[in-house]
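Coordinates in review
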Number of protein chains: 2
Amino acid sequence: MNIGSAARATDLPRKTIRYYEEIGLVRPARADNGYRDYCDTDVHRLRFVQRARSLGFSIEECRMLLSLYDDEHRASADVKALTLEKIGQIDRKLDELKSLRATLSRLADTCQGDGRPDCPIISDLART
Amino acid sequence: MNIGSAARATDLPRKTIRYYEEIGLVRPARADNGYRDYCDTDVHRLRFVQRARSLGFSIEECRMLLSLYDDEHRASADVKALTLEKIGQIDRKLDELKSLRATLSRLADTCQGDGRPDCPIISDLART
DNA sequence: TTTACGCCTTCCATCGGCGGGAAGGTCAAG
DNA sequence: CTTGACCTTCCCGCCGATGGAAGGCGTAAA
């Protein structure tokens, strides 16, 4: 299976698939003409990565998940730990964003938003 | 004022300050020896940018805020619009993260997290 | 005077996670 | 034989810095 078909089968751009090979995430065989040749397992792993990425796992985390996937003797606790760590990261990011939103919202509320130049948002940014 | 002092005064790394000059955000004068020479206004603008960045504004948005800051005839509505747009972006990001969190959380809940290899998280990622 | 040290300069490379596009090889259909 | 779709490698760009090398400048002490 050529890279184009693999791209259609996994819903990943060709560029991304090549990149994943470059960083050693999913390494296809090569046909005699030099074309990448994706077997079912490769496609399966690409889809695995695609899903993990869409869930917010970084490339390195995907690499770990893949190796856990490959490891028949893995402990499900290891996968769960990775997932819980990810949830923790998301929670921290959520807190940060909520705090930012509150600050911006407070600033926006105090601003008339009319044609006059007086603006508490700018004043706040420019405070000494 | 040399870049080191400006860095201390603004709580920005020297590298970042040089970067801001490179992209034309804050352009200091130069002393005879070629050293960057930051006046009070420059330092003030750097702090302005530092605050705007910490509120989640992009570099380009900071550039706009600076030009609004410089414009004595600005309309506060323009600043407010930028801020509201930023709040909208944050809301979209919040929704996305909440959704991700729910998915991961659901997966983690179904996983025993013990020493056995059976793992619904992996199974879900590997589903055909 | 020399040495040491800290600050400054420019330039180049790197990160993540790709995307765009050039230049050229390969393959199947008409 | 040509067309057009596919494939290859290669290099550059994005954002927002950050790290490091190589070398100049400034001051103080030995």
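To keep things clear, this report deals only with the structure shown in the data block.

1. What to know about the protein's contact with DNA strand D
Around DNA strand D lies a shell of 20 residues, among which G4(A), R36(A), K15(B), T16(B) and R53(B) are the nearest. Within 4 Å of the protein, the atoms of DNA strand D are drawn from sugar and phosphate moieties in a proportion of 67%. Here a phosphate oxygen of DNA strand D sits 3.0 Å away from a polar atom, N or O, in the side chain of N33(B). Here R53(B) contributes a side-chain N or O atom positioned 2.8 Å from a phosphate oxygen of DNA strand D. At the level of secondary structure, the elements contributing two or more residues to the surface near DNA strand D comprise helix 1 (3-10) and helix 2 (14-22) of chain A together with helix 2 (14-22) of chain B. Element by element, the count of residues in the surface near DNA strand D is highest for helix 2 of chain B, at four residues. The residue makeup of the surface near DNA strand D, split by class, is seven nonpolar, six polar and seven charged.

2. Side note on the packing of helix 1 of chain A against helix 3 (residues 40-54) of chain A
Two quantities define a packed helix pair, namely the angle between the axes and the distance from one axis to the other. Residue and element names in this part refer to chain A. Contact geometry for helix 1 and helix 3: axes closest at 9 Å, N-to-C directions at 45°. Considering their axes alone, helix 1 and helix 3 lie oblique with respect to each other. When you trace helix 1 past helix 3, the crossing you get is right-handed. Here A6, A9 and T10 of helix 1 lie close against helix 3, whose contacting residues are V43, L46, R47 and Q50. The class makeup of the residues in the contact of helix 1 with helix 3 is four nonpolar, two polar and one charged.

3. Description of a positive patch on the surface
Residue and element names in this part refer to chain A. A cluster of basic residues, R8, R14, K15 and R18, forms a positive patch on the protein surface. Looking at the positive patch, the element that brings in the most residues is helix 2, giving three residues. Its place among the elements puts R14 in helix 2. Judged by relative accessible area, which is 45%, R14 ranks as partly exposed.

4. A closer look at the packing of aromatic side chains
All names here are of chain A. Applying the stated criterion across every chain, the model contains four aromatic pairs over all chains. Note on Y19 and Y20: the rings are 6.1 Å apart at their centroids and 45° apart in plane angle, and the pair reads as tilted. Given the relative accessible area of 39%, Y19 is considered partly exposed. Residue classification places Y20 among the buried positions, given a relative accessible area of 5%. Pairing F48 with Y69 gives two aromatic rings, centres 4.9 Å apart and planes at 25°, and the pair type is stacked. With F48 in helix 3 and Y69 in helix 4 (residues 59-70), this residue pair connects regions lying 21 residues apart in the sequence. Classification of F48 as buried rests on a relative accessible area of 1%.

5. Focus on the relation of the copies chain B and chain A
Two copies of a chain can be linked by a rotation about an axis combined with a shift along that same axis. With an RMSD of 0.2 Å, the operation that places chain B on chain A is a rotation of 180° combined with a shift of 0.0 Å along the axis. In short, the pair behaves as if placed about a two-fold rotation axis. Using C-alpha coordinates, one finds that chain B approaches the rotation axis most closely at L94(B), a distance of 3.4 Å. Looking at the interface residues of chain B, 100% of them are also at the interface in chain A, so both copies use one shared face.

6. Description of helix 1 (residues 3-10) of chain B
Residues and elements named next belong to chain B. Taken together, the buried positions of helix 1 are I3, G4, A6, A7 and T10. The buried residues of helix 1 occupy an angular sector of 160° when the element is viewed end-on, so they sit on one face. On its buried face, helix 1 is in contact with helix 2, strand 2 (36-37) and helix 3 (40-54). Of the residues one or two after helix 1, D11 is the one with positive phi, at around 65°.

7. Let's talk about the protein's contact with DNA strand C
Neighbouring residues of DNA strand C: 20 residues in total, closest K15(A), Y20(A), Y35(A), G4(B) and R36(B). What you see for DNA strand C is that sugar and phosphate hold 74% of its atoms within 4 Å of the protein. R30(B) is positioned such that a nitrogen or oxygen atom in its side chain is 3.3 Å from a phosphate oxygen of DNA strand C. Contributing elements (two or more residues each) for the surface near DNA strand C: helix 2 of chain A together with helix 1 and helix 2 of chain B. When its residues are assigned to classes, the surface near DNA strand C shows seven nonpolar, six polar and seven charged.

Reading the values: rules and limits
Residues numbered from 1 in each chain as written. Chains lettered and ligands numbered in written order. Predicted model: local features only at pLDDT ≥ 70, side-chain atom pairs only at ≥ 80, totals over all residues. Heavy atoms only, no water. Near = heavy atom within 4 Å. Polar contact = N/O pair within 3.5 Å; in protein donor to acceptor, adjacent residues only side chain to side chain. Helix = DSSP H or I, 4+ residues; strand = E, 2+ residues; numbered from the N terminus. Nonpolar A, V, L, I, M, F, W, Y, C, P; charged D, E, K, R; others polar. Axes fitted to C-alpha atoms, helices over the stretch in contact; angles between N-to-C directions. Parallel < 35°, antiparallel > 145°, perpendicular 65-115°, else oblique. Left-handed = near helix turned anticlockwise from the far one by under 90°. Contact = heavy atoms within 4.5 Å. Patch = residues over 30% accessible without salt bridge, like charges linked within 9 Å, V, L, I, M, F, W, Y side chains within 5 Å. Areas by Shrake-Rupley, 256 points an atom, 1.4 Å probe, with all protein chains shown as cover. Salt bridge = Lys/Arg side-chain N within 4 Å of Asp/Glu carboxyl O. Lys, Arg positive; Asp, Glu negative; His and termini not counted. Charge placed at Lys NZ, Arg CZ, Asp CG, Glu CD. Buried < 20%, exposed > 50% of the residue type's maximum accessible area, 1.4 Å probe, protein only. Phe/Tyr/Trp six-rings, centres within 6.5 Å; stacked < 30°, edge-to-face > 60°. Least-squares fit on C-alpha atoms with pLDDT ≥ 70 in both. Arc of directions from axis to C-beta.

Note that all results are geometric; they support no functional claim without further evidence.
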